[in-house]
Structures are given as structure tokens and as C-alpha cells.
Amino acid sequence: MADDGKVMGQGPFGMGYFLRGALAGGICCSLTHGAACPIDVVKTRMQLDPVKYNKGLVGGFRQVIAEEGAMALSTGLGPTAQGYFVQGWFKFGGVEFFKINFTRTLGEQTAYNNKTPIYLVSAACAEFIADIFLCPYEACRIRLVSDPTYAKSMVECGNKMVAEGGVLVGLYSGFVPMLFKQIPYTMAKFAVQGAAADSIYGLLNSSPEKMSSGANVSVSLASGVVAGVVAAIVSHPADTLLSKVNKAGAGGTGSMMSRLSNIAAETGYLNLCTQGLPARCVMIGSLTAGQFGIFDTVMGALGATKFHFHDPSH
């Protein structure tokens with residue numbers, strides 16, 4: 001490894017690079033999750049009330065629009081856009097920080113030989129930090145989607161939930177299922193995207209250095225779709241629990257783990273894995289592809305190039 005701050009011939013990687021990565025991550029997650037808000041509204045309704053919303057994704061859209069108007073599809077947009085900007089900041093910025101520093105610590109050849117474990121551990125560490133900040137926003141979003149009359153704004157919703165149950169119960173009841181949802185999701189997302197991108201470059205007999213920025217973004221989009229669908233399937237049971245636990249009265253009045261156990265027993269394992277899954281695959285596949293494409297584009301606009309693994313022996 002060179003003494004000039006470069007890693008695998010790339011960089012140098014200092015605080016400026018990590019801040020650019022964090023900003024690009026915040027922008028890509030905020031834009032994509034905000035754009036996917038209508039799908040998320042329908043998906044959440046299907047999870048919370050599967051008896052009523054039982055006509056699939058398209059049917060769910062029609063039901064929501066017919067009963068509440070088209071603007072109902074934007075319910076929770078504020079906490080979604082703000083929460084996922086914060087989450088994207090720590091997630092994408094954190095993954096870049098951890099994978100580069102793991103590579104520095106382990107040495108380039110060892111890191112290359114273990115790039116998948118590095119992706120997995122980096123993603124898990126970054127997501128844990130990000131979820132601490134995301135959880136209150138997500139609690140407000142789910143409460144507003146499940147009960148649009150509960151509050152007129154995100155701030156009012158958050159204040160009301162804290163007043164009724166305190167900070168932990170009001171805003172962090174979903175923290176444990178969020179970790180079970182988001183950490184496997186993010187681990188699969190980055191590891192699968194990295195492997196899929198490597199496979200695409202291999203099929204093209206090329207590498208990021210040999211391709212134009214537009215071609216590299218296309219690779220990110222294609223590999224992002226694959227990663228998004230895999231990540232959605234892996235994390236869906238916890239996503240269903242998270243949606244249900246933030247609904248008023250769900251799971252009874254006991255401890256968080258007691259409530260989660262009650263919800264899981266009432267819902268059934270098959271339903272936990274399948275309620276709203278097609279809608280979520282569409283949403284997560286699209287937004288994951290968009291995230292990686294926007295991330296690379298913003299990084300380029302900021303004068304930075306995303307770190308990627310390559311065999312230092314060649």
C-alpha cells in the first residue's frame with residue numbers, strides 16, 4: 001500500500017472523500033425513497049390491513065386514490081425524504097469509510113481476497129449507525145400512513161408520539177425490527193451489488209477504469225436492480241413487523257419483544273414473508289438501482305470516484 005494515501009492505486013482517501021460519499025449517499029437515498037413514497041404507502045397499507053388491501057399493488061393504488069384522493073399517496077413524504085437523507089449520509093458514507101479502512105488495515109491482497117466479508121461487515125456497521133437516526137423518522141412515517149388523521153405534520157406526529165409513550169416507546173419501538181430489517185438488507189444490497197457489478201465487468205472484459213462514466217453508471221443501475229430484489233426478499237419479514245409494530249395498539253401493551261412475538265404469532269411466518277412482497281420488490285429494486293446510479297453520478301459531479309476492489313497482483 002502506498003504512503004501517499006492511495007488504496008489499490010485509487011484515491012487519496014481522506015475526510016474530503018468521505019464527506020463527498022456521505023453527501024452523495026444522502027442525496028441518492030432521499031431522492032429515491034421520496035420518489036418511491038406512493039409505492040411505500042400502498043405497500044404499508046397492504047401489510048397493515050391485508051384483508052382490505054387484497055387486490056395487489058395496482059389494486060391497492062386504485063383503492064387508496066378512490067377512498068382518499070391522489071394526495072394520500074404522498075402521505076409521509078416529509079419524514080421519508082428527511083429520514084432517508086440522514087440514513088443515506090451515514091450508510092453510503094459509512095460503507096466507503098469502513099471498506100477503505102478495513103483494506104488499509106488488512107493489506108490490499110488480503111482485503112481483495114476477502115472483499116465480500118468486507119462488504120458485509122462494512123455495511124452492517126454503517127447501517128447500525130444510520131438506523132439510530134432513521135428510526136424516529138420511520139416511526140412517524142408509518143404512523144402517518146396507518147392513520148392520516150393522527151397529525152398534520154411530521155413534527156406534530158413526533159411530539160404527539162413522545163407525549164403518549166415517551167421517546168423509547170414512541171419513537172424507538174421499531175428499532176429492533178428495524179435492525180433485523182435494515183442490516184441484512186444493507187449487507188445483501190452492497191455485497192450483491194458489488195458481486196453483480198464485478199460479474200458484469202467480467203462479461204464485458206473490462207473494468208471501471210476502462211469504461212466511461214456513463215457506462216459505469218449503467219453497470220451500477222443493472223447491478224443495483226439485482227441487489228435490490230435480493231435485499232428486499234431477505235429483509236421483508238422484518239419490514240412487515242416494523243410496519244405493524246408502529247401501528248397503534250399492535251401486539252398488545254407489553255414489552256417491545258412481547259409485542260413483536262404477538263404480532264409474529266398473529267400474522268404467521270408465511271404472511272410475514274409474503275404480505276406486500278411484490279410491491280416491495282418493485283420498490284426496492286427500482287430505488288436500489290437508482291441509488292447506486294445517482295451515487296456514482298453525484299460523486300463524479302463532486303470530483304470523486306468511488307473506491308472499488310481490484311486484484312493488486314495484476
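Look up a bit, the structure's there.
Predicted model, so just to flag it, every value in this text is computed and none were measured.

Things to note about the overall build of the protein
Each helix and strand in the protein was counted, giving 12 helices and zero strands. Each helix and strand of the protein, placed in order from N terminus to C terminus, yields the pattern α-α-α-α-α-α-α-α-α-α-α-α. By principal-axis analysis of the C-alpha atoms, the protein measures approximately 60 × 35 × 35 Å. Counting across all 314 residues of the protein, residues that qualify as buried make up 52%. Total accessible area on the protein stands at roughly 13400 Å², and carbon and sulfur atoms take up 66% of it. Averaged over its 23 positive side-chain charges, the protein has a centre that lies 5 Å from the centre of its 20 negative ones.

Section: the packing of helix 2 (residues 37-48) against helix 6 (residues 115-146)
Running from amino to carboxyl end, helix 2 crosses helix 6 at an angle of 75 degrees, the nearest separation of the two axes being 10 Å. Considering the angle they form, helix 2 stands roughly perpendicular to helix 6. Residues Asp40, Val41, Thr44, Arg45 and Leu48 of helix 2 form the contact with helix 6, whose participating residues are Arg141, Val145 and Ser146. Considering only residue class, the contact of helix 2 with helix 6 consists of three nonpolar, two polar and three charged.

Remarks on helix 12 (residues 277-301)
Here helix 12 contains 25 residues, and its C-alpha end-to-end distance of 35 Å stays within 8% of the 36 Å for a straight helix at 1.5 Å per residue. In terms of residue burial, helix 12 counts as a mostly covered element, since 18 of its 25 residues are buried. Phi turns positive one or two residues past the end of helix 12, at Gly303, with a value near 85 degrees.

Focus: the packing of aromatic side chains
In this structure the tally under the stated criterion is 16 aromatic pairs. A ring pair is formed by Phe97 and Phe98, whose centres lie 5.4 Å apart and whose planes are at 80 degrees; its orientation type is edge-to-face. Each residue in the set Phe13, Tyr17, Phe18, Phe97, Phe98, Phe102, Tyr119, Phe307 and Phe309 is aromatic and connected to the rest through ring pairs, giving one cluster. Over the ring of Tyr150 we find Arg143; its NZ or CZ atom is 4.8 Å from the centre of that ring. Across from the ring centre of Tyr150, 4.4 Å away, lies the NZ or CZ of Lys160, which sits over that ring.

Quick word on a nonpolar patch on the surface
Taken together, the side chains of Phe128, Ile129, Ile132 and Phe133 make up a nonpolar region of the molecular surface, amounting to roughly 320 Å² of accessible area. Judged by its relative accessible area of 33%, Ile129 falls in the partly exposed class.

Looking at the layout of surface pockets
When its volume is computed, the largest pocket comes out at roughly 790 Å³. If you go around the largest pocket, you meet 38 residues; those closest to its centre are Tyr201, Pro208, Asn216, Lys306 and His308. Elements represented by at least two residues in the lining of the largest pocket include exactly helix 4 (77-106), helix 6, helix 8 (175-203), helix 9 (213-245) and helix 12. A per-class count over the lining of the largest pocket returns 15 nonpolar, 15 polar and eight charged.

Looking at empty space enclosed by the protein
In the structure shown here, the tally under the stated rule is one cavity of 30 Å³ or more. There is about 110 Å³ of room inside the largest cavity. Around the largest cavity, the lining is made up of 15 residues, and of these His33, Tyr84, Lys181, Met283 and Ile284 lie nearest the centre. The residue inventory of the lining of the largest cavity, partitioned by class, reads four nonpolar, three polar and eight charged.

Considering the pattern of salt bridges
According to the stated counting rule, one finds nine salt bridges in the structure shown. Between Arg45 and Glu68 there is a salt bridge, and its shortest N-O distance comes to 2.8 Å. Taken together, the residues Arg45 in helix 2 and Glu68 in helix 3 (residues 56-68) connect sequence positions 23 residues apart. Relative accessible area serves as the criterion here: at 7%, Arg45 is assigned to the buried category. On the basis of relative accessibility, which here comes to 36%, the residue Glu68 falls in the partly exposed class. The salt bridge involving Glu138 is made with Lys181; its shortest N-O contact spans 4.0 Å.

Each value, and the rule that gives it
Residues numbered from 1 in each chain as written. Predicted model: local features only at pLDDT ≥ 70, side-chain atom pairs only at ≥ 80, totals over all residues. Heavy atoms only, no water. Helix = DSSP H or I, 4+ residues; strand = E, 2+ residues; numbered from the N terminus. Buried < 20%, exposed > 50% of the residue type's maximum accessible area, 1.4 Å probe, protein only. Areas by Shrake-Rupley, 256 points an atom, 1.4 Å probe, with all protein chains shown as cover. Lys, Arg positive; Asp, Glu negative; His and termini not counted. Charge placed at Lys NZ, Arg CZ, Asp CG, Glu CD. Axes fitted to C-alpha atoms, helices over the stretch in contact; angles between N-to-C directions. Parallel < 35°, antiparallel > 145°, perpendicular 65-115°, else oblique. Contact = heavy atoms within 4.5 Å. Nonpolar A, V, L, I, M, F, W, Y, C, P; charged D, E, K, R; others polar. Expected span 1.5 Å × (residues − 1). Phe/Tyr/Trp six-rings, centres within 6.5 Å; stacked < 30°, edge-to-face > 60°. Lys NZ or Arg CZ within 6 Å of the ring centre and 35° of its normal. Patch = residues over 30% accessible without salt bridge, like charges linked within 9 Å, V, L, I, M, F, W, Y side chains within 5 Å. Salt bridge = Lys/Arg side-chain N within 4 Å of Asp/Glu carboxyl O. 1 Å grid on protein atoms, 1.4 Å probe; cavity = no way out; pocket = protein on both sides within 12 Å on 5 of 7 lines; lining within 4 Å. Points joined across faces, edges and corners; volume = space filled by probe spheres on them.

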